[in-house]
Amino acid sequence: MPGERESLAPLVGGLPGRLIVLRSLTKTWGLAGLRVGYLLADSQTVRELTRHQPLWPVSTPALAAAEACCAPKALAEAEQAARRFADDRAYLLGRLVALPAARRPVAVEPAEGPFVLVRHQEAADLRERLRSAGFALRRGYTFPGLGPEWLRIAVRDRATTDRLATALRTV
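Just so it is clear, the model here is predicted, and its values are computed rather than measured. (Residues numbered from 1 in each chain as written. Predicted model: local features only at pLDDT ≥ 70, side-chain atom pairs only at ≥ 80, totals over all residues. Heavy atoms only, no water.)

Visitor: Looking at this structure, I do not really get the sheet that holds strand β3 (residues 106-107). What am I missing?
Guide: The strands making up a sheet are joined through hydrogen bonds of the backbone, oriented either antiparallel or parallel. Sheet architecture is open: four strands sit in the order β3-β4-β6-β5, paired in antiparallel fashion. Single-partner strands in this sheet number two, and they are β3 and β5 (138-139). Pairing analysis gives two bridges linking β3 to strand β4 (residues 115-119), with the strands arranged antiparallel. Bridge pairing in β4 links valine 106 to arginine 119. (Pairing = 2+ DSSP bridges. Helix = DSSP H or I, 4+ residues; strand = E, 2+ residues; numbered from the N terminus.)

Pasting the structure below:
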């Protein structure tokens, strides 16, 4: 995948046991409604999984999107976006660290995705106050293993991050 520093994909089929890598095109391209992704594994594992795969028709728009996302121009664009995300994520983490301790959510690092997982003792209240200021942070407890003190903050451009940091100082 574009922008990856450490991928397990090259190890598929080369390790003892089974390695399965699942990928989604929905995050990179904002295609959540299309449910487009793929699996990398050794051929035996793919055959076994195929036998257990439920019937799930793939729509024509999903197939067209998958094909478009694999074109050289799209891959180059995704690589650029991944570099931008890395820079914007570092900027977001820096702005969070610069907040006063009492208001600072503690980020889990290292982060590689288009979001940052943070912990804050008053996460639910903070989320509601930020919502009234125009920011939507995702609840963390919807992810297995995380409790109500967790939030997920999307990586955005620097201007949006600056507005979020200001809101965190004031709400």
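Visitor: What should I look at first to understand the side chain of threonine 160 in this one?
Guide: Note on placement: threonine 160 falls in helix α6 (residues 158-170). At a separation of 2.9 Å, a polar atom in the side chain of threonine 160 contacts the side chain of aspartate 157. (Polar contact = N/O pair within 3.5 Å; in protein donor to acceptor, adjacent residues only side chain to side chain.)

Visitor: What exactly am I supposed to notice about the pattern of salt bridges here?
Guide: Proximity of charged atoms lets side chains of opposite charge pair with each other. One pass over the full model with this rule turns up eight salt bridges. The partner of glutamate 128 in a salt bridge is arginine 127, with the nearest N and O atoms 3.4 Å apart. When its relative accessible area of 13% is taken as the criterion, arginine 127 is described as buried. What you see here is one network of salt bridges that share partners, running through Arg127, Glu128 and Arg131. (Salt bridge = Lys/Arg side-chain N within 4 Å of Asp/Glu carboxyl O. Buried < 20%, exposed > 50% of the residue type's maximum accessible area, 1.4 Å probe, protein only.)

Visitor: Even after reading the chapter, I still don't get a positive patch on the surface, so can you show me in this structure?
Guide: Among the surface-exposed residues, Lys27, Arg35, Arg138 and Arg139 lie close enough to one another that they form a single positively charged patch. Along the chain, the position of arginine 139 falls in strand β5. Using a relative accessible area of 32% as the deciding quantity, one classes arginine 139 as partly exposed. (Patch = residues over 30% accessible without salt bridge, like charges linked within 9 Å, V, L, I, M, F, W, Y side chains within 5 Å. Areas by Shrake-Rupley, 256 points an atom, 1.4 Å probe, with all protein chains shown as cover. Lys, Arg positive; Asp, Glu negative; His and termini not counted. Charge placed at Lys NZ, Arg CZ, Asp CG, Glu CD.)

Visitor: Sorry if this is basic, but what is going on with the state of the cysteines here?
Guide: What is meant by a disulfide is a covalent connection between two cysteines, made through their sulfur atoms. For the structure shown, the criterion picks out zero disulfides. Of all cysteine sulfurs, the one in cysteine 70 lies closest to cysteine 69, which takes part in no disulfide; the gap is 6.6 Å. Given a relative accessible area of 9%, cysteine 69 falls into the buried group. By relative accessible area, cysteine 70 is classed as exposed at 54%. (Disulfide = S-S within 2.5 Å.)

Visitor: I would appreciate a short explanation of the layout of surface pockets in the present structure.
Guide: To find the voids left in a structure, one rolls a probe of water-molecule size over its atoms. For the second largest pocket, the calculated volume is near 680 Å³. As for the second largest pocket, its lining consists of 23 residues, of which Arg35, Gly37, Tyr38, Gln53 and Val58 are closest to the centre. Those elements that provide at least two residues to the lining of the second largest pocket are β1 (21-24), β2 (37-40), α2 (43-52) and α3 (60-69). Broken down by class, the residue content of the lining of the second largest pocket amounts to 14 nonpolar, seven polar and two charged. (1 Å grid on protein atoms, 1.4 Å probe; cavity = no way out; pocket = protein on both sides within 12 Å on 5 of 7 lines; lining within 4 Å. Points joined across faces, edges and corners; volume = space filled by probe spheres on them. Nonpolar A, V, L, I, M, F, W, Y, C, P; charged D, E, K, R; others polar.)

Visitor: How should the confidence of the model for the protein chain be read in this particular structure?
Guide: Detailed reading of the predicted coordinates is not advisable wherever pLDDT falls low. Taken as a whole, the protein chain shows an average pLDDT of 86; of its residues, 96% reach a score of 70 or greater. Helix α1 (residues 26-29) is the least confidently modelled element of the protein chain, averaging 74 in pLDDT, while α6 averages 95, the highest of any element. (pLDDT = per-residue confidence, 0-100.)

Visitor: Looking at this structure, how should I read the packing of helix α4 (residues 72-97) against α6?
Guide: Angle between the axes and distance between the axes: these two values describe a pair of packed helices. Contact pair α4 / α6: the axes reach a minimum separation of 10 Å and the direction vectors enclose 15°. Relative to α6, α4 is oriented roughly parallel. Here the hand of the crossing between α4 and α6 comes out right-handed. Taking contact as the criterion, the partners of Asp87, Asp88, Tyr91, Leu92, Arg95 and Leu96 in α4 are, on α6, Arg158, Thr161, Asp162, Leu164, Ala165 and Leu168. (Axes fitted to C-alpha atoms, helices over the stretch in contact; angles between N-to-C directions. Parallel < 35°, antiparallel > 145°, perpendicular 65-115°, else oblique. Left-handed = near helix turned anticlockwise from the far one by under 90°. Contact = heavy atoms within 4.5 Å.)

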